[in-house]
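Take a look at the letters that make up each chain.
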Amino acid sequence: TVATKKARWVHVGCAKWQGMNYVDIEKKDKIEDLTALKEHFKVQDVACCLCKSSIGALHPCRAHGSHGCDKWLHLTCARSLGKCSVQHGENCEGFYDPDAIDYPPWTLACPEHSEIDPKSLEEEEEEGKNNFLTPEQLVAIAASYPPEPIPPKPFNRMNHTERKEYWSDPENLTEFFDEVMSSLDGAKCVVCELPADPTIDKRCDKCGILSHADCADPARGDGATCLTCRFVEENANSLRYYEEPRCHMCSHPNASGGPLVRSYAKPASMKVWKGKTIQFQRTIFGKNKFCHALCGMWNPHCDTQNKEFHDTIIDCTNVVMANGKDHVSRQHRCILCGLHTGCKVDCCAQDCIAPGGTRNPAKFHVTCARQAGFEVSSESNMSVMCFRHSSCEFVFRARLEDMKEIELSRFSSKTFKASNPMSWGHAASLFHTAVNILRTLGWAWRWAEWWVEDGDNWEPLIEPGQVEAEMTDEELRIVHSDPNSRAEDARQCRLAAFGAALRNRDYDKEAGDDREPLERALMAVISTRSLAGPLKKREVEFFVTWLALAYRSKSPILGFGDDKTPVAMDGFCVYQDGHASPKYELGPKRPLPGKAMPHKGVFEPPVNEPDDYLIAPVSVSPVRNSKKKGKNKKKKNSDDDIMEVPLEDDVDGGAI
């Protein structure tokens with residue numbers, strides 16, 4: 001049954017007498033779900049008049065209408081006693097003709113209303129022709145049965161303790177994730193990040209991605225299948241070769257990068273491609289090329305062609321180099337993933353200077369920016385900001401506060417009441433918000449050093465009637481910190497290491513690590529006041545519970561594990577510790593955050609591990625080596641760093 005999640009057995013006769021059907025009429029090995037039927041008899045509050053037990057399905061005496069009999073019986077008890085009239089509805093040859101049998105099919109009667117001669121039973125018993133049971137034996141057998149398992153409360157009636165117990169069962173957890181991950185309550189379009197409308201919007205029925213049709217796929221109309229899945233479906237059985245859609249502007253998998261749209265680019269001249277049809281098709285200039293909606297629409301040098309009921313098309317001509325393989329921003333690394341490949345955009349802040357640079361603004365893939373929690377605004381200006389310049393609403397602490405407001409919305413007060421039940425819709429809203437918050441923590445291996453250096457742009461929320469100038473820091477919930485104190489905080493909660501562990505799903509590698517060790521690591525991060533704000537114990541526990549659930553869901557939106565984006569294996573993606581230890585993975589020398597028991601409040605003992613806090617950052621445009629032998633031109637880039645510009649095509653350094 002659904003309620004108990006355990007396989008149960010049932011007599012074929014019992015099932016047929018209750019009108020139950022086979023799940024598979026050919027196999028005839030499984031009966032449909034009995035939960036509703038069993039609940040029906042519990043509500044009736046009746047017991048078998050023979051065995052005195054209320055377990056299982058019962059039948060009324062057929063005389064309940066004509067003679068007002070109020071007795072109920074188990075089919076098996078009625079047959080085992082031998083004194084009850086039992087009229088089956090079929091035999092091995094098929095169903096009986098109702099007019100050819102003595103009583104209505106599928107009915108039985110109690111001993112009092114049965115026309116069975118007691119003398120014939122006595123004679124059969126003396127001759128050893130029956131094995132009937134006495135009422136006392138039926139009562140004893142029924143008493144020996146274990147009690148029916150009590151089904152858990154429906155989720156929307158559970159209190160906090162009952163929800164925790166419910167989530168501790170793997171089968172319940174699967175049911176929970178199926179429910180909330182398919183729900184549109186609280187879900188946001190992965191392109192514009194505005195709320196989905198459950199009455200209009202749909203997830204792709206193939207891959208599950210959610211976006212407004214108007215944002216990325218007007219041609220979809222009222223359908224649910226996204227462009228990528230439609231394209232694969234249309235070409236899967238084709239005899240001609242086709243490339244599975246992927247974004248040419250970044251390295252993010254489709255699952256975490258968002259929906260793809262069509263793109264094209266025109267070469268400056270077709271003369272160089274004359275007679276090179278195959279080579280041309282393999283370039284970005286070829287047919288059936290795609291990019292993420294984020295990568296194309298947020299790039300100021302691309303033109304978005306978006307017509308009603310037509311595929312969105314991105315003109316990438318201005319960002320593709322003449323060789324058709326690279327993008328014009330290739331000479332710059334993305335400040336997040338560290339790769340030269342793909343198409344980067346500039347931070348929109350006028351005074352932005354990239355980490356380690358002197359003039360150029362920070363450059364990054366839009367999909368990397370969205371994953372890491374940077375500001376990627378869907379307003380009319382389609383702005384993109386780096387970590388230092390992202391608005392308050394995109395700050396980690398502000399995201400937590402938004403989630404807190406969702407939880408408080410089901411209470412009449414401003415105090416957490418964890419014991420209160422919650423609806424499935426509310427649970428879905430919390431879950432989707434937790435996924436988006438945890439996704440940003442998966443990039444903490446990179447942005448932790450920026451947070452240490454500059455803090456964040458969090459601002460207090462002023463309620464109507466409040467005057468900020470008249471309020472204390474405590475009332476405004478301001479936490480004072482400086483680079484040195486933040487460096488100490490980041491080391492204490494192991495912020496960067498935790499980001500690396502999330503990215504690689506290290507909490508899945510040993511059984512049980514995704515429980516207490518994960519929750520201890522989250523507890524340390526969320527309890528860090530300079531990062532998450534001054535939170536009460538109950539609030540911290542709330543965030544830990546839901547962020548841990550987000551991790552266990554393995555949602556592809558997180559961008560963890562198999563869904564992570566490749567990153568560079570050099571430059572600023574490794575530590576300046578003399579060993580080039582990778583920031584993006586723990587490696588053999590860095591223990592899993594949360595694995596050790598806390599020794600100071602919620603924080604584990606100090607760990608001797610590398611970090612680049614308060615160290616001059618590595619330039620975003622380091623020297624790149626050419627694969628071709630021979631001399632390279634040397635040229636100064638705009639950040640006054642020497643960069644080798646190869647004479648021939650260059651291939652990016654390793655990525656992982």
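Residues numbered from 1 in each chain as written. Predicted model: local features only at pLDDT ≥ 70, side-chain atom pairs only at ≥ 80, totals over all residues. Heavy atoms only, no water.

Caption draft 1: Representation of the overall build of the chain in the model. Scanning the chain for helices and strands turns up 22 helices and 16 strands. Considered along the principal axes of its C-alpha atoms, the chain spans approximately 115 × 70 × 50 Å. Looking at the chain residue by residue over its 656 residues, the buried ones come to 46%. A gap of 8 Å separates the mean positions of the 83 positive and 97 negative side-chain charges of the chain. (Helix = DSSP H or I, 4+ residues; strand = E, 2+ residues; numbered from the N terminus. Buried < 20%, exposed > 50% of the residue type's maximum accessible area, 1.4 Å probe, protein only. Lys, Arg positive; Asp, Glu negative; His and termini not counted. Charge placed at Lys NZ, Arg CZ, Asp CG, Glu CD.)

Caption draft 2: Geometry of the nonpolar core. Residues Phe176, Phe364, Phe374, Leu438, Trp447, Leu495 and Trp546 are the most contacted members of the largest nonpolar core, which totals 131 residues. It is helix α22 (residues 537-553) that contributes the most residues to this core, ten residues altogether. Apart from the residues within four sequence positions on either side, Phe364 is in contact with Cys334, Ile335, Cys343, Lys344, Val345, Cys347, Ala369, Phe374, Val384, Met385 and Cys386. One finds Trp17, Leu37, Cys84 and Leu108 within the second-largest nonpolar core, a separate group that totals 26 residues. (Core = buried A, V, L, I, M, F, W, Y, C linked by side-chain atoms within 4.5 Å. Contact = heavy atoms within 4.5 Å.)

Caption draft 3: Representation of empty space enclosed by the protein in the model. Applying the stated rule across the entire model yields ten cavities of 30 Å³ or more. The volume enclosed by the largest cavity comes to roughly 170 Å³. As for the largest cavity, its lining consists of 15 residues, of which Gly373, Phe387, Phe394, Val395 and Phe396 are closest to the centre. Counting only elements with at least two residues in the lining of the largest cavity, the list comes to α14 (396-408) and α16 (444-454). For the lining of the largest cavity, a count of residues per class yields nine nonpolar, four polar and two charged. (1 Å grid on protein atoms, 1.4 Å probe; cavity = no way out; pocket = protein on both sides within 12 Å on 5 of 7 lines; lining within 4 Å. Points joined across faces, edges and corners; volume = space filled by probe spheres on them. Nonpolar A, V, L, I, M, F, W, Y, C, P; charged D, E, K, R; others polar.)

Caption draft 4: Local environment of the sheet that holds strand β9 (residues 303-305). Ordered in space as β8-β7-β10-β9, the four strands form an open sheet in which the pairing is mixed. What marks the edges here is a single partner per strand, and that holds for β8 (289-292) and β9. Taken over all neighbouring pairs, the strand axes of this sheet differ in orientation by 40° on average, direction set aside. Pairing geometry for strand β7 (residues 260-264) and β8, over four bridges, is antiparallel. Pairing of Val261 across the sheet is with Cys291, part of β8. (Pairing = 2+ DSSP bridges. Axes fitted to C-alpha atoms, helices over the stretch in contact; angles between N-to-C directions.)

Caption draft 5: Geometry of the packing of aromatic side chains. Tallied over the entire structure, the rule returns 26 aromatic pairs. Measuring from ring centre to ring centre gives 6.1 Å for Phe176 and Trp546, while their planes differ by 55°; the resulting arrangement is tilted. Here Phe176 is found in helix α7 (residues 170-182), whereas its partner Trp546 is found in helix α22, with 370 residues between them in sequence. Residue class for Phe176 comes out buried when judged on its relative accessible area of 0%. Since its relative accessible area comes to 3%, Trp546 is described here as buried. Taken together, a centroid distance of 5.9 Å and an interplanar angle of 90° make the contact between Tyr507 and Tyr551 edge-to-face. Of this pair, Tyr507 sits in the loop between α19 (495-503) and α20 (516-526) while Tyr551 sits in helix α22, placing them 44 residues apart in sequence. Among the aromatic residues, those joined into a ring-pair cluster are Phe155, Tyr166, Trp167, Phe176, Phe177, Trp424, Phe431 and Trp546. Directly above the aromatic system of Trp458 lies the positively charged group of Arg397, at a separation of 3.5 Å from the ring centroid. The ring of Tyr551 is capped by Arg505, whose NZ or CZ atom sits 3.9 Å from the centre of that ring. (Phe/Tyr/Trp six-rings, centres within 6.5 Å; stacked < 30°, edge-to-face > 60°. Lys NZ or Arg CZ within 6 Å of the ring centre and 35° of its normal.)

Caption draft 6: A look at α7. Between its terminal C-alpha atoms α7 stretches 18 Å, which fits the 18 Å expected from 13 residues at 1.5 Å a residue. Among the residues of α7, those classed as buried are Asn172, Leu173, Phe176, Phe177 and Val180. Projection of α7 onto a plane perpendicular to its axis shows the buried side chains occupying an angular sector of 135°, all on one side. With a side-chain oxygen lying 2.8 Å from the backbone nitrogen of Glu171, the N-terminal cap of α7 falls on Asp169. (Expected span 1.5 Å × (residues − 1). Arc of directions from axis to C-beta. Polar contact = N/O pair within 3.5 Å; in protein donor to acceptor, adjacent residues only side chain to side chain.)

On their own, these measurements won't tell you what the molecule is for.
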